[in-house]
Amino acid sequence: MLTRRLFLTGVLAAAAAPQAALAKPARKPFVIDPVFQPQYVSFDSSYAPGTVVIDPRSRFLYLVEDGFTARRYGVGVGRAGRAFHGSAKIGRKEVWPRWVPTQGMISRQPNKYARYAGGVSGGPHNPLGARALYLYRNGRDTYYRIHGTTEPWSIGRAVSNGCIRMINEHVMDLYARVPLGARVVVI
């Protein structure tokens, strides 16, 4: 039988227990599969050096170095039917870009995106991450981006609303290497 004395003894023992014993276990840090780390690879290409080639099926982005080599990055890509196809140019580059969901995103998932219709300022919690490269076609914004992510575990998957997402450190590296006007080809 639980008496008042036993109850109070239990409460006092719990209060005296070290806080570490009561704390939640720490999450394991995210570790990216080494295949998705930036690396130089053989790349037999007819594309000019500086061209960004994206292969959504294999979840890789290639920055062409020469006719035989490219710098490869792992990416997350758009879900079926939402991905960009064809060619474009980098029409704009932003550091810690502002994010505004498209009308299509709001229409598809109003509970998730409607509250952000006014946009989200740039910063570490912004869905576009640390950098964004804006894809333009015929001088017009396509609303597709190559950008960082707050969800690094999504790299190597078809998860986005159409954009090409990269780990923040990787998109920062690409951002520094790719000039405005660079050609982007999604195969």
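Data block above holds the structure.
Here is what the cut-offs are and how they apply
Residues numbered from 1 in each chain as written. Predicted model: local features only at pLDDT ≥ 70, side-chain atom pairs only at ≥ 80, totals over all residues. Heavy atoms only, no water. Salt bridge = Lys/Arg side-chain N within 4 Å of Asp/Glu carboxyl O. Helix = DSSP H or I, 4+ residues; strand = E, 2+ residues; numbered from the N terminus. Buried < 20%, exposed > 50% of the residue type's maximum accessible area, 1.4 Å probe, protein only. Pairing = 2+ DSSP bridges. Polar contact = N/O pair within 3.5 Å; in protein donor to acceptor, adjacent residues only side chain to side chain. Contact = heavy atoms within 4.5 Å.

Caption draft 1: Structural detail: the pattern of salt bridges. Overall, the coordinates contain 5 salt bridges when judged by the stated rule. Close ionic contact of Arg 71 with Asp 173 constitutes a salt bridge, the shortest N to O distance being 3.0 Å. You can see Arg 71 sitting in strand 4 (residues 69-74) and its partner Asp 173 sitting in helix 5 (residues 168-177), a full 102 residues away along the chain. Given the relative accessible area of 12%, Arg 71 is considered buried. Of the residues examined, Asp 173 reaches a relative accessible area of 22% and is grouped as partly exposed. Look at the salt bridges and you will find they share partners, linking Arg 71, Asp 173 and Arg 177 into a network.

Caption draft 2: Here's a closer look at the sheet that holds strand 8 (residues 140-147). Strand order in the open sheet formed by 9 strands is 1-4-3-2-11-6-7-8-10, with mixed pairing between adjacent strands. This sheet does not close on itself; its edge strands, each paired only once, are strand 1 (39-42) and strand 10 (164-165). Here strand 6 (residues 86-95) pairs with strand 11 (residues 183-186) via 4 bridges, running antiparallel. For Ala 88, the partnering residue across the bridge sits in strand 11 and is Val 184.

Caption draft 3: Quick peek at the side chain of Thr 51. You can see Thr 51 is positioned in the loop between strand 1 and strand 2 (52-55). For Thr 51, a relative accessible area of 5% translates into the label buried. In this structure the side chain of Thr 51 is engaged in a polar contact, spanning 2.8 Å, whose partner is the backbone oxygen of Ala 48. Those residues in contact with Thr 51 that lie beyond four places of it in its chain are Tyr 62, Leu 63, Val 64, Arg 183 and Val 185.

Nothing here speaks to function; it is all geometry.
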